Amino acid sequence: MKNIFLFGYYGFENAGDEGILQGIVEQITKKVPGVKLTALSYNAKDTSDKYNINTVSRNNFKEVIKAIKESDVVVSGGGSILQDVTSSRSLLYYLGIIALAKKMGKKVMFYGNGFGPITKGFNKKLVKHIINQIDVITLRDHESKEAMQSLGIKKDIIVTADIALGLEPIKDEEIKEIFQKEDIDTTKKWVGISVREWKGYKEYKEIIAKTADYLVDRNYEILFIPMQYPNDVNTSMEIANMMENTPKILNKKYSPRELIGIIGKIDLLLGMRLHSLIFATIVETPMVGLEYDTKIKNFLKIVEQKSGGKVEDLDIIHLWSTIDSVLQHEKDYIKKLQKTRIGLLQKIEMNVEIFERFIKEGDKK
């Protein structure tokens, strides 16, 4: 039996990272029967209950060290955990796990990760030194690969896709039940909005509020879809209070599959959160992304969807005209999603195929 230690941004009630973990667990257990998975988590019990795997608390350093020691392979499971835009602290934490694993002689793999940006000089040197020791690297987009290579990382890097793209929505009957409980009228047209806090900026919230009112004037209902609970609920409520009209906010915490199902029933998604856009791709819902991070721009490019602009300097006229254009040519954007998703699903499978070869054959130099 192979013991695998997974680490990522798990247990923080972030639907995107939970979707990634769910996708990895399903992929690996299906492809490698009998494998023992242990995941790092902020809420170890909750993660263990959800995915039926072993877990250790990220704050229990003795247990983390023990889990690494007992593993055959250490896997960095998806997400953009290696970046210092939001914090150097988390970057150093994850680099420490990798460094400790290599010191113990463990094999380490990046499993469909995002990467960067790394902005600070010391962090760049440390990242270069540690990542050049990793055995196998698969990344979810070419920009992440270029960011790694620009730091002097010489390892072979294979571009695949975000693991969460392989998830499926819940059944239609279950979606109908959610809509009934949330009092969402499915006979009306809906635009979903996914927002988050970003660096204390407020102007983008005012623009989103005005945009939501603009859409209401065009006979669309507004549904705020929080991706991280309860943070995004609070941000959604703040924007809703700026509106002249009354939108709907999903106050309840929903699973990744439930959120995918909900997004599949709306006409358009206006999204800041990367995985709101990824979930929209799964169910072929046209989208307009709001760029708070380069990963948003990178993903929109992959799926051939529109950007409404950068969060720091949103232009309301550009945003409205972009939304109008996507709504007017909705079928064209759906076709683009249908086409790109086929290729993305094939790339997702590459992650687990590479993983399977890796644990069977040993290190890939």
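Fair warning: this is a prediction, and the values are worked out from it, not measured in the lab.

Definitions and limits used
- Residues numbered from 1 in each chain as written.
- Predicted model: local features only at pLDDT ≥ 70, side-chain atom pairs only at ≥ 80, totals over all residues.
- Heavy atoms only, no water.
- Pairing = 2+ DSSP bridges.
- Helix = DSSP H or I, 4+ residues; strand = E, 2+ residues; numbered from the N terminus.
- Salt bridge = Lys/Arg side-chain N within 4 Å of Asp/Glu carboxyl O.
- Buried < 20%, exposed > 50% of the residue type's maximum accessible area, 1.4 Å probe, protein only.
- Axes fitted to C-alpha atoms, helices over the stretch in contact; angles between N-to-C directions.
- Contact = heavy atoms within 4.5 Å.
- Expected span 1.5 Å × (residues − 1).
- Arc of directions from axis to C-beta.
- Core = buried A, V, L, I, M, F, W, Y, C linked by side-chain atoms within 4.5 Å.
- Parallel < 35°, antiparallel > 145°, perpendicular 65-115°, else oblique.
- Left-handed = near helix turned anticlockwise from the far one by under 90°.
- Nonpolar A, V, L, I, M, F, W, Y, C, P; charged D, E, K, R; others polar.

Attention shifts here to the sheet that holds strand E8 (residues 189-194). Read across the sheet, six strands follow the order E10-E9-E8-E11-E12-E13 without closing on themselves; strand pairing throughout is parallel. Two strands close off the open sheet at either side, each with one partner strand: strand E10 (248-249) and strand E13 (306-310). Looking at chain direction, E8 and strand E11 (residues 268-271) are connected through four bridges and run parallel. The residue bridging Val-191 from the neighbouring strand is Leu-268, located in E11.

Inspection of every chain in the model, using the stated rule, returns 17 salt bridges. Between Asp-49 and Lys-45 there is a salt bridge, and its shortest N-O distance comes to 2.8 Å. Here Lys-45 and Asp-49 lie together in helix H2 (residues 44-51), a separation of four residues that amounts to about one turn. Residue class for Asp-49 comes out exposed when judged on its relative accessible area of 53%. Across the pair Glu-182 and Lys-248 runs a salt bridge whose closest N-O atoms are separated by 3.6 Å. Separated by 66 residues along the polypeptide, Glu-182 in helix H7 (residues 172-182) and Lys-248 in strand E10 bring together distant segments of the chain. Three or more residues are tied together by salt bridges with common partners; here these are Glu-197, Lys-205 and Glu-238.

Moving on, we come to the sheet that holds strand E1 (residues 3-7). The seven strands are arranged E3-E2-E1-E4-E5-E6-E7 in an open sheet whose pairing can be described as parallel. Of all strands in the sheet, those with a lone pairing partner are strand E3 (54-57) and strand E7 (157-159), marking the two edges. The mean angle between the axes of side-by-side strands here comes to 20°, regardless of whether they run parallel or antiparallel. As paired strands, strand E5 (residues 107-113) and strand E6 (residues 136-139) are joined by three bridges and run parallel to one another. By the bridge assignment for E6, Met-109 is matched with Val-136. Packed on one face of the sheet, H2 meets strand E2 (36-41) and E3 and runs near 165° to E3. Packed onto the sheet, helix H4 (residues 88-103) meets E1, E2, strand E4 (73-77) and E5 and runs at close to 145° relative to E5.

Next up on the list: unusual backbone geometry. For the bond running from Gly-116 to Pro-117, omega is 0°, close enough to zero to count as cis. By the secondary structure assignment, Pro-117 is in the loop between E5 and helix H5 (121-131). Put simply, Tyr-229 and Pro-230 share a cis peptide bond, and its omega is 0°. Tracing the chain through its elements places Pro-230 in the loop between strand E9 (220-224) and helix H9 (231-242). Of note in this structure, Glu-13 is not a glycine but carries a positive phi near 60°. Although it is not a glycine, Glu-284 sits at a positive phi angle of roughly 60°. Mapped onto the elements, Glu-284 comes out in the loop between helix H11 (274-282) and strand E12 (287-291).

Looking now at the environment of Gly-34. You can see Gly-34 is positioned in the loop between helix H1 (15-31) and E2. It is 39 Å that separates the C-alpha atoms of Gly-34 and Pro-286, two residues lying 252 residues apart in sequence.

Helix length check: H9, at twelve residues, gives a terminal C-alpha distance of 18 Å against a target of 16 Å (1.5 Å per residue), a fit within 8%. Taken together, the buried positions of H9 are occupied by Asp-232, Val-233, Thr-235, Ser-236, Ile-239 and Ala-240. The buried side chains of H9 occupy one side of the element, clustering within an arc of 165° when seen end-on. Elements that come into contact with the buried residues of H9 comprise helix H8 (203-217), E9 and E10.

Bringing the pairing of E3 into the picture now. Relative to E3, E2 is paired through four bridges, and the arrangement is parallel. Considered in E3, the bridge of Thr-38 is made with Asn-54.

Side chains of nonpolar character tend, in soluble globular proteins, to be buried together. Ranked by internal contacts, the top residues of the largest apolar core, which has 92 residues, are Leu-6, Tyr-111, Ile-193, Ile-225, Phe-279 and Phe-355. For Phe-279, the residues in contact, after removing those within four places along its chain, are Ala-15, Ala-164, Met-227, Pro-256, Leu-259, Ile-260 and Ile-263. If you look at the next biggest cluster of nonpolar residues, it comprises 31 residues, including Tyr-93, Leu-95, Ala-101 and Ile-157.

The next thing to look at is the packing of H8 against helix H13 (residues 316-328). In the contact formed by H8 and H13, the axes pass within 11 Å of each other and the chain directions differ by 40°. One finds that H8 runs oblique with respect to H13. With respect to the hand of their crossing, H8 and H13 are arranged in right-handed fashion. Touching Ile-207, Lys-210, Thr-211, Tyr-214 and Leu-215 of H8 are Ile-316, Leu-319, Trp-320, Ile-323, Asp-324 and Leu-327, all from H13. For the contact of H8 with H13, the residue count by class is eight nonpolar, one polar and two charged.

Moving on: the packing of H11 against helix H12 (residues 294-303). Contact geometry for H11 and H12: axes closest at 10 Å, N-to-C directions at 15°. On the basis of the axis angle, H11 is roughly parallel to H12. Crossing handedness for the pair H11 and H12: left-handed. On H12, the residues that touch Leu-274, Leu-277, Ile-278 and Thr-281 of H11 are Lys-295, Ile-296, Phe-299, Leu-300 and Val-303. Within the contact of H11 with H12, the residues separate by chemical class into seven nonpolar, one polar and one charged.

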